[in-house]
Amino acid sequence: ILSDMAKNAFSDADVFSGVRAVPATQVVLMPMGGGLPLPDVGIERLTLLAGQPVVGSQLTFDVGAVNNASAATVRDLELEIDGQPVATPPVAVQLGASGSPDSHATAQLTCRPTQAGPHVFSVHIKDADDAMTWDNSRAIAVTIAQQIDALVVGPEPALRARSMSYFVMAALDP
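Structure report, in brief.

Quick notes on the rules
Residues numbered from 1 in each chain as written. Predicted model: local features only at pLDDT ≥ 70, side-chain atom pairs only at ≥ 80, totals over all residues. Heavy atoms only, no water. Pairing = 2+ DSSP bridges. Helix = DSSP H or I, 4+ residues; strand = E, 2+ residues; numbered from the N terminus. Axes fitted to C-alpha atoms, helices over the stretch in contact; angles between N-to-C directions. Salt bridge = Lys/Arg side-chain N within 4 Å of Asp/Glu carboxyl O. Buried < 20%, exposed > 50% of the residue type's maximum accessible area, 1.4 Å probe, protein only.

**With respect to the sheet that holds strand S4 (residues 59–67)**
Now for step 1: Spatial strand order, S3-S4-S8: 3 strands in an open sheet with antiparallel pairing. The sheet terminates laterally at strand S3 (41–50) and strand S8 (104–111), the two strands that pair on one side only. In this sheet, neighbouring strand axes are inclined to one another by 25° on average, regardless of whether the strands run parallel or antiparallel.
Now for step 2: By the bridge criterion, 8 bridges tie S3 to S4 in an arrangement that is antiparallel. Paired with Leu48 across the strands is Phe61, a residue of S4.

As structure tokens, this is what we get:
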């Protein structure tokens, strides 16, 4: 739904009655009037790309960003755990103008969780000043397991190939 924001767009609420009945539908009003184009960069995805969710292991998150504005821009992405910034520098993404092949970009952000338990990992556009702030971040919940210290010992006199004991011995005596 597009509006020039010249009048209350919901004054004719009956127009939107059919939209209300559709599950998971969101109505977004965007200013469409004259003037300078408003910047709008959004985060379109955040996924755990690599790593085991265990304390001390490196996790790599894949982030997708999109530029919905008519001008190219560079934006910094910042990773947070439970609302606290991760102590790594932000990652810059360069985005072309909306509609161009390079209006979408991906970046990888990494961190090493230090505490076990359920955590919310989120990425947001640092210092975002754009038309739609609701798309400036994405979050996922990941349960981080405690590291388990273990030693695998094989009782057999000759190691079987591909057994756990075999790999431990190979690592200890290359």
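**Some remarks on the pairing of strand S5 (residues 73–81)**
Now for step 1: When S5 meets strand S7 (residues 91–95), the two strands line up antiparallel, connected through 5 bridges. Looking at S7, one finds that Asp76 is bridged to Ala92.
Now for step 2: The sheet contact formed by S5 and strand S9 (residues 117–125) spans 5 bridges and is antiparallel. Among the inter-strand pairings, Glu80 is bridged to a residue of S9, identified as Ser122.
Now for step 3: Across 2 bridges, S5 lies against strand S6 (residues 84–85) in antiparallel orientation. For Glu80, the partnering residue across the bridge sits in S6 and is Pro85.
Now for step 4: The turn linking S5 back onto S6 is made up of 2 residues, and Asp82 within it adopts a positive phi angle of 50°.

**Side note on the pattern of salt bridges**
Now for step 1: This model, assessed by the stated rule, comprises 2 salt bridges.
Now for step 2: When the shortest N-O distance is used, the salt bridge between Arg45 and Asp62 registers 3.0 Å. Residue Arg45 is found in strand S3, and its partner Asp62 is found in strand S4; the two are separated by 17 residues along the sequence.
Now for step 3: For Arg45, a relative accessible area of 29% gives the class partly exposed.
Now for step 4: In this structure, the salt-bridge partner of Glu78 is Lys126, at a minimum N-O distance of 3.8 Å. Residue Glu78 is found in strand S5, and its partner Lys126 is found in the loop between S9 and strand S10 (137–144); the two are separated by 48 residues along the sequence.

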